[in-house]
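So the chains spell out like this:
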Amino acid sequence: MQRFINPSQNKWETLCQRGSASYTSLEPLAKEVFDEVSRKGDQALYAYTEKFDKVTLKKLSVGADEIEQAKVRVPEKLKSAIQKAKDNIHLFHKAQKTNEIKVETQKGVNCWQKKLPIEKVGLYIPGGSAPLFSTVLMLAIPAQVAGCDKVVLCSPPDTNGKLPDVVLYTADLCGIDTIFKLGGMQAIAGMTLGTETLPKVDKLFGPGNQYVTVAKQWATQYSVAIDMPAGPSELMVVADASADPAFVASDLLSQAEHGPDSQVLFVTTDTKMMDRVDAEVDRQITVLARQDTAREALKNSKIIFFDQEEEALKFTNFYGAEHLIVCLKNEDEFVDKIKHAGSVFIGNYTPESAGDYASGTNHTLPTNGYVRQYSGVNLDSFLKAITYQKISAKGLQDLGPVIEEMANAEGLQAHKNAVTIRLNKLQNE
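Below is a summary of the structure that appears in this document.

1. Let's talk about the overall build of the protein chain
Alright, step 1. When its secondary structure is counted, the protein chain shows 17 helices and 14 strands.
Alright, step 2. Projected onto its principal axes, the C-alpha positions of the protein chain cover 90 × 60 × 45 Å.
Alright, step 3. Across the 429 residues in the protein chain, those meeting the buried criterion constitute 48%.
Alright, step 4. Partitioning the contacts of the protein chain with sequence separation of at least 6, the portion at a separation of at least 24 is 74%.

Structure below.
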């Protein structure tokens, strides 16, 4: 990992650059895929699956028999682990439910807000070399708690045209039966536009590589919402001498193994930790099955030393990490001042992988600095809020002149008249 000692603020922007491809350069491909799916429907989905995933499918949808067979093949120990994770995630997201809010803002003027589920949602589950069944839990459970009517799941097939058994088992456990062997830009286009086979959805959820991220952003041109721009994974660890170097290294590698375009940063206020963590990374990486992927990611990763904790905090907020681990002696004070992060993990015994799998929080988080504008997926992501109001005759008599005055000042005569005509009738009764 590259090292930087007390980098000046004018170098921070360069240090914080992510290694993903330019989104702008991928927009022409996104337009092509969406146009083809719009014109050719399922035919385009089959063609792009053959082109990008190198597999020829006979059908896109997953049948009930495939799900049942997959469920049998998943080991009982793994099923038990998934069930425990499901319980924790369900508990945390269920706790996010809020009651209907009712307020009488003034006498006779009643306003209230009610949250309703988004009717049709599409869940994208990344595939490739790692079957991310945990993402099924993270998206399907809040959709279930919210009460969404239709949940569509897409995930790229392997070279045999199959989805991993554990992905199908987890989807079934979460009550999803509309599942498609479809990945990449074509999956996003299919759920956005709808085809003969694939239902059109109202909102898209799920992480993915830069191709998926660009496709999701392109989907917003078709009146489909997205959860957030979620691209290649990233992690920042901030630690001092109170941290365990082996723990820090294991967390850095846990994110580096996601993909070659992942990025990990280690920020420390202790010079000795630089060597200790570096040595642990070198030692631990040799036993990883995905060490080639991790080594590639580490080329875009950095160790940064600040002699002042205040500067480390400023840099932490400047970067805005998807995942942020804080292992400091005065962790409470530091954490209280964090402004930009997707999810924060505090202390030596809180590995980032706990949030990835089973602690209860959601692992679908904004990347590439989007933590400044977006939250991670939560229950509200699957809900929409509707406001209501009901005004009595007396309430309008009191509030009406205020509305008239404001409408008149904006030059909107019809707005004013909508009140005046009612007030005149009340006055004549």
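We are not done yet, so read on.
2. Quick word on the packing of helix α10 (residues 245-256) against helix α11 (residues 271-285)
Alright, step 1. At a minimum axis separation of 8 Å, α10 and α11 run at an interaxial angle of 55°. It follows from the interaxial angle that α10 and α11 lie oblique. The way α10 lies across α11 gives a crossing that is right-handed. Residues Pro245, Ala246, Val248, Ala249, Ser250, Leu252 and Leu253 of α10 lie in contact with α11, whose contacting residues are Met273, Arg276, Val277, Glu280, Val281, Gln284 and Ile285.
Alright, step 2. Looking at the contact of α10 with α11, its residues break down into 10 nonpolar, 2 polar and 2 charged.

3. Brief notes about unusual backbone geometry
Alright, step 1. Even without glycine at this site, asparagine 6 takes up a positive phi of about 45°.
Alright, step 2. Within the secondary structure, asparagine 6 is located in the loop between β1 (2-5) and α1 (12-15).
Alright, step 3. Asparagine 6 sits in the partly exposed class, given a relative accessible area of 33%.
Alright, step 4. Of note in this structure, lysine 54 is not a glycine but carries a positive phi near 60°.
Alright, step 5. Residue placement: lysine 54 occurs in the loop between α3 (42-53) and α4 (64-73).

4. Let's talk about the packing of aromatic side chains
Alright, step 1. Counted according to the given criterion, the structure contains 10 aromatic pairs.
Alright, step 2. Arranged with centres 5.3 Å apart and planes meeting at 85°, the rings of tryptophan 12 and phenylalanine 315 form a pair that is edge-to-face. One end of the pair, tryptophan 12, is in helix α1; the other, phenylalanine 315, is in helix α13 (residues 309-319), with 303 residues separating them in the sequence.
Alright, step 3. Between the aromatic rings of phenylalanine 247 and tyrosine 349, the centroid separation amounts to 5.6 Å while the plane-to-plane angle is 65°, which identifies the pairing as edge-to-face. Placement of phenylalanine 247 in helix α10 and of tyrosine 349 in the loop between β13 (341-346) and α15 (352-357) is noted, with a sequence separation of 102 residues between them.

5. A closer look at the side chain of threonine 49
Alright, step 1. Here threonine 49 lies in helix α3.
Alright, step 2. With relative accessibility at 1%, the residue threonine 49 sits in the buried group.
Alright, step 3. When neighbours within four sequence positions are excluded, threonine 49 is seen to be in contact with Lys54, Val55, Leu57, Pro157, Leu182 and Gln186.

6. Some points on the pattern of salt bridges
Alright, step 1. Under the defined criterion, the tally for this structure stands at 20 salt bridges.
Alright, step 2. Residue glutamate 234 is joined to arginine 18 by a salt bridge in which the shortest nitrogen-to-oxygen separation is 2.9 Å. Of this pair, glutamate 234 sits in strand β9 (residues 234-239) while arginine 18 sits in the loop between α1 and α2 (23-40), and the two are 216 residues apart along the sequence. Like arginine 18, glutamate 234 is buried.
Alright, step 3. Put simply, Arg3, Asp275 and Asp278 are held in one network by salt bridges that share partners.

7. Comments concerning the pairing of strand β4 (residues 120-124)
Alright, step 1. In terms of burial, β4 is largely enclosed, as 4 of its 5 residues are buried.
Alright, step 2. With 5 bridges joining them, β4 and strand β5 (residues 150-155) adopt parallel strand pairing. In the strand pairing of β5, tyrosine 124 is matched with cysteine 154.
Alright, step 3. Pairing of β4 with strand β7 (residues 203-205) involves 3 bridges; the strand directions are parallel. Pairing of valine 121 across the sheet is with lysine 203, part of β7.

8. Digging into helix α12 (residues 291-298)
In an α-helix, one turn spans 3.6 residues; hence positions three or four apart end up facing the same way.
Alright, step 1. For α12, the complete set of buried residues consists of Ala294, Ala297 and Leu298. End-on view of α12: buried residues confined to an arc of 100°, all on one side of the axis.
Alright, step 2. Looking at the buried positions of α12, the neighbouring elements they touch are α10, β10 (263-268) and α11.

9. Quick look at the sheet that holds strand β14 (residues 383-391)
The strands making up a sheet are joined through hydrogen bonds of the backbone, oriented either antiparallel or parallel.
Alright, step 1. Reading across from one edge, β2-β3-β14 is the order of the 3 strands in this open sheet, with antiparallel pairing throughout. In this open sheet, the two edge strands, each paired with only one partner strand, are β2 (101-106) and β14. Between one strand axis and the next, the sheet turns through 20° on average, direction left out of account.

10. Some remarks on α2
Alright, step 1. Taking 1.5 Å as the rise per residue, α2 with 18 residues should run 26 Å; its terminal C-alpha atoms sit 25 Å apart, in good agreement.
Alright, step 2. Along α2, the residues that are buried comprise Tyr23, Leu26, Ala30, Val33, Phe34, Glu36 and Val37.
Alright, step 3. Each element contacted by the buried residues of α2 is listed here: α3, α8 (184-193) and α9 (210-219).
Alright, step 4. A positive backbone phi angle near 60° is found at glycine 41, which sits one or two residues after α2.

11. What to know about the environment of valine 103
Alright, step 1. Among the structural elements, valine 103 can be located in strand β2.
Alright, step 2. Separated by 206 residues in the primary sequence, valine 103 and glutamate 309 have C-alpha atoms spaced 45 Å apart.

What counts, and at which threshold
- Residues numbered from 1 in each chain as written.
- Predicted model: local features only at pLDDT ≥ 70, side-chain atom pairs only at ≥ 80, totals over all residues.
- Heavy atoms only, no water.
- Helix = DSSP H or I, 4+ residues; strand = E, 2+ residues; numbered from the N terminus.
- Buried < 20%, exposed > 50% of the residue type's maximum accessible area, 1.4 Å probe, protein only.
- Contact = heavy atoms within 4.5 Å.
- Axes fitted to C-alpha atoms, helices over the stretch in contact; angles between N-to-C directions.
- Parallel < 35°, antiparallel > 145°, perpendicular 65-115°, else oblique.
- Left-handed = near helix turned anticlockwise from the far one by under 90°.
- Nonpolar A, V, L, I, M, F, W, Y, C, P; charged D, E, K, R; others polar.
- Phe/Tyr/Trp six-rings, centres within 6.5 Å; stacked < 30°, edge-to-face > 60°.
- Salt bridge = Lys/Arg side-chain N within 4 Å of Asp/Glu carboxyl O.
- Pairing = 2+ DSSP bridges.
- Arc of directions from axis to C-beta.
- Expected span 1.5 Å × (residues − 1).

From the geometry alone we can't say anything about function, so treat these as descriptive.
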